[in-house]
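Here are the chains, one letter per residue:
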Amino acid sequence: MKRTGHHILLFLLTLASRTFADVTTADPAHLDSIRVSFAAKDMMLRAALQNLIAQTKLQIVYDDALVKGLKVSCACKAVTLRQALNELLQSTPLTFEAMPDGQIVIVKRKYNLKGYIKAAESGETLPYANVIVKGTPQGTTANVNGYFVLVNVPAGLCTLRVSYIGYQSVEAPITSAEAKEILTINLRQKTLPGEEVTVTADIMQTLEVVPEAAQIRLSPRQIAALPAVGEADIFRSLQLLPGISGVNDGSSGLYVRGGTPDQNLVLFDGMTIYHVDHFFGFISAFNTEAVKDVRVFKGGFPAKFGGRTSSIVELTGKSGSFNHFQAGGSLNLLSGSAIVQAPISGRGAWLLSLRRSYTDFIKSNLYTKIYNSITGQNKSDGSTTTIETTGPGGALPGNFQNLTATPDFYYYDLNSKLTYSLSGRDRVALSFYNGRDNLDQSQDLGNLTFRRNGPPEAGETPLQVGTDNLTKWGNTGASGNWSRVWNDQLYSSLLAAYSNYSSASSRGLGVGGDNANTIFRAFGSSEKNEVRDLTLRFDNEWQLHRAHRLEFGTWLSRTNVQVAFTANDTVDILTRDNEAAQAAFYLQDKWQVFSPLELTLGLRATNYQPTRTTYYEPRAALRLSVRDGLSLKGAWGEYHQFVNRITNENVLEGNRDFWLLADERLQPSFAEHKILGATYENVDYIFDVEAYHKNLDGVAEFSQRFRRSPEQRSEDLFFLGTGVAKGIEFLAQKKSGKLNGWASYTLAKVQYQIAPFNNGDPYPANQDRRHEVKLVGNYGFGKWNLAATWVFATGAPYTAPESQYTIKLLDGSTRSYIHVGEKNSQRLPAYHRLDISLSRKFSNAWFDWNMGVSAFNLYDHKNVWYREYLLDTNPVVVREVTTLGFVPTVTVQMNLK
């Protein structure tokens, strides 16, 4: 049978060779050796090709439908076949290919469509804009510099549909001639249809649900319409998204899918920001006017990012206007801000933005309410303070009423960015950020008279009493970025960034006199924490093929963390000074397997010097289009974190946190993400559901309640364990129309298991909120805009102290101990509030300006922040510290035309 098959094959080959014996094969060498001559004027392309076939005896294959109706004009005399074909097809959307079997095939010409997406008003690029070829499944996303490339797009007239959150979507027709050039597609903030660009819809949505799993983008310019305390706030707006807890009035930090704020990697123009808020967490540290784009990965983030176990928040700063000078400012009841943008020779731009509170010299009612709320003064307190001093004359008891402090407080942040295009392919950007808070609660209580113990003739002693209470914290960061487009398909970015976070506080009480016989006693505590981070990144994007987009690069960093906690001036609670170097490499392929299915496969490897270990982190994601508008999505990945903010448990006054580097004892924390979801989207609506499950390891807590003696090492007070975070999120969004907004519901559970807490049994984490509901609505009518938000959440868990007792030691001294109940076994009442705002736009020949009024917690619900326990009384006194009540505010914003 085998021999018979060989005979049949030999027969067919012989027959084929005889049949085409009179036809010359199209060996590539023949394209340059065979010469032809012909002339054509308005000749049908089919006829011209038949002429070439007759002259050369070659197989020139084409589809009649492809050449139908095409006419050509050219004159060739004794030119090579290659030159003749190029001349013949030059004016058509067609080209030719020489096949291995000798045929010449006429095919449709293909181009790499590449270019930049820019804002028409300012000329600056728009990052991560969506670009698709209308009528086809082919599409892509622009990179951080607004550059995009679509590989092997068939020649001929095609239409690109471009969309970017907060801007009008456009459809831009691209001709074959334009396809050869670098395109510039401008998007407008207003409906200004041009001759060549058609505005497709008036969709001014605030958030965009990205087709990939767990990704959401936010429009900074649109959040100004949402209710806010004082001013528009990026991180407060992010708290309105599903899966991000939005019920902590005392912090603008993000609790994403059961994670804590330190588990989020916050990048601003490539620099890491470790502390994201002002005013003890009430206001985020980023000026909305200086931010162009906000991208959030709530989990399952790609291999490009690492070093955190919960989420990524990537903020891109505005570059400034490339077209004309712009200036503006805003004023509210807490702060004022100004922004200046200036073009540089048509090839660059410079932006400067400054925001500062004036609460240190004008203390508005809004400031007083916020300060009282975040410092826990929203409670009635009629207690007195007793100071006892001892000396040769005996004890000096003295009672005096608490005095109300008038704190000296202010915050500011400064942004500056310089962007310049060295050439059509090279671009440099320098960015600087500095944000600081300063709080001085020191008091001079004046001269107080104390009566000495004993008979009346013992007399009285005047003492000078005062308190020191200083707190300063903030971030400083700088980055420099060089990016280059090597060719249509290869893009590289080199970034160097420096970041510094510092926090320092000191508290003390001093009692002294003005002569040698006066007793003096002073004591206090101090806390210092500083993080310094130097990073070098090299990122590459290579559109290898129409179906493969590779991303690869390296990430080198050196981090130094210092911690120093001191009590009573001399007792060192915790002192650390550590430094760590890490080197990471990543590789990722976004693979369009076939039209409905896209797979993203990646790997990140990080070598961490303190543990002398390389950590491998595989990542995977998928997106499957089931039918028009309906898609399934999923993601899985492993993640490590090498710098952690440790919870310092304090059951009486609330927890405090500090940053520490992982080492051989305090191992890097770990998380495994599993995500599965579905999205349905049409022109007006989006319905999205996602379920997630995270396994956590290396969960750390620092607690002094297990300290057995003052000499016990602080390292023994760190406790490690595991955890689980899981939940499901539902989102319904109306994208367009006068009335738009969204509704979301999250069902979630976060549990930790850390010995010796709760006898080693699982317990709810501090950030556990079982149910969260969020409603956001926005209604525009004419120049007016009405917006409202409502949030509801299950109360937070907490640990309740049950009693306090004293033990007399062998040396005669006494020590107090607190008996604590089960870890986080109690819950605060449910949280809910309604915010509302009304704003109007004005315009004249010189300015565009906006004026708005806003009401926070409209129905003045008393949400409990935490419970405070006074154990020295019998029975124990429990006081509820509430968050901010009803607060109205006014904002004015003005921009120079």
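Residues numbered from 1 in each chain as written. Predicted model: local features only at pLDDT ≥ 70, side-chain atom pairs only at ≥ 80, totals over all residues. Heavy atoms only, no water.

*Asks:* Where do I start with the packing of aromatic side chains in this structure?
*Replies:* Each aromatic ring pair is described using two quantities: the centre-to-centre distance and the angle formed by the ring planes. Applying the stated rule across the entire model yields 22 aromatic pairs. With a centroid separation of 6.2 Å and 85° between ring planes, the pair formed by Trp-482 and Trp-486 is classed as edge-to-face. Judged by its relative accessible area of 41%, Trp-486 falls in the partly exposed class. In this structure an aromatic cluster arises from ring pairing among Phe-235, Phe-268, Phe-286 and Tyr-433. The aromatic ring of Tyr-410 is capped on one face by Arg-356, whose charged end is 4.4 Å from the ring centroid. (Phe/Tyr/Trp six-rings, centres within 6.5 Å; stacked < 30°, edge-to-face > 60°. Buried < 20%, exposed > 50% of the residue type's maximum accessible area, 1.4 Å probe, protein only. Lys NZ or Arg CZ within 6 Å of the ring centre and 35° of its normal.)

*Asks:* So what exactly am I meant to see when it comes to the pattern of salt bridges here?
*Replies:* A side chain of one charge can pair with a side chain of the opposite charge if their charged atoms are brought near each other. Under the criterion given, the structure shown has 33 salt bridges. As a salt-bridge pair, Asp-688 and Lys-633 come within 2.6 Å of each other at their nearest N and O atoms. Taken as a pair, Asp-688 in strand β43 (residues 685-703) and Lys-633 in strand β39 (residues 630-641) lie far apart in primary sequence, 55 residues in all. Measuring nitrogen to oxygen at the nearest pair gives 2.9 Å for the salt bridge that ties Asp-835 to Arg-833. Here Asp-835 and Arg-833 have matching classes, each one buried. Counted as one network, the salt bridges with shared partners bring together Arg-257, Lys-298, Lys-633, Asp-688, Glu-690 and Glu-729. (Salt bridge = Lys/Arg side-chain N within 4 Å of Asp/Glu carboxyl O. Helix = DSSP H or I, 4+ residues; strand = E, 2+ residues; numbered from the N terminus.)

*Asks:* I would appreciate a short explanation of helix α5 (residues 81-89) in the present structure.
*Replies:* At 3.6 residues per turn, the α-helix brings residues three or four places apart onto the same side. Buried residues of α5: Leu-81, Ala-84, Leu-85, Leu-88 and Leu-89, and no others. Mapping the buried residues of α5 onto a view down its axis gives an arc of 110°, with all of them on the same face. (Arc of directions from axis to C-beta.)

*Asks:* Would you explain helix α3 (residues 45-56) in this entry?
*Replies:* Taking 1.5 Å of rise per residue, 12 residues should cover 16 Å, and α3 covers 17 Å from first to last C-alpha, within 8% of that figure. Residues Leu-45, Ala-48, Leu-49, Leu-52 and Thr-56 constitute the buried set of α3. All buried residues of α3 project into a common sector of 100° when viewed along the axis, lining one side. Immediately beyond the C-terminal end of α3, within one or two residues, lies Lys-57, with a positive phi of roughly 60°. (Expected span 1.5 Å × (residues − 1).)

*Asks:* Is there a simple way to explain the sheet that holds strand β4 (residues 94-98) in this structure?
*Replies:* Sheets are built from strands paired through backbone hydrogen bonds, the pairs being either parallel or antiparallel. With respect to topology, three strands assemble into an open sheet ordered β2-β5-β4, the strand pairing being mixed. Pairing within the sheet leaves two strands with one partner each, and these edge strands are β2 (60-61) and β4. Taken together, the two bridges between β2 and strand β5 (residues 104-108) define a ladder with parallel strand orientation. Within β5, the position partnered with Val-61 by the bridge is Val-105. Lying on the sheet, α5 is in contact with β4 and β5; it crosses β4 at an angle near 155°. (Pairing = 2+ DSSP bridges. Contact = heavy atoms within 4.5 Å. Axes fitted to C-alpha atoms, helices over the stretch in contact; angles between N-to-C directions.)

*Asks:* I would appreciate a short explanation of a nonpolar patch on the surface in the present structure.
*Replies:* A cluster of nonpolar side chains, contributed by Phe-325, Trp-846, Phe-847, Met-894 and Leu-896, occupies part of the molecular surface with about 490 Å² of accessible area. Considering the arrangement of structural elements, one finds Phe-325 in the loop between β23 (311-317) and β24 (326-332). (Patch = residues over 30% accessible without salt bridge, like charges linked within 9 Å, V, L, I, M, F, W, Y side chains within 5 Å. Areas by Shrake-Rupley, 256 points an atom, 1.4 Å probe, with all protein chains shown as cover.)

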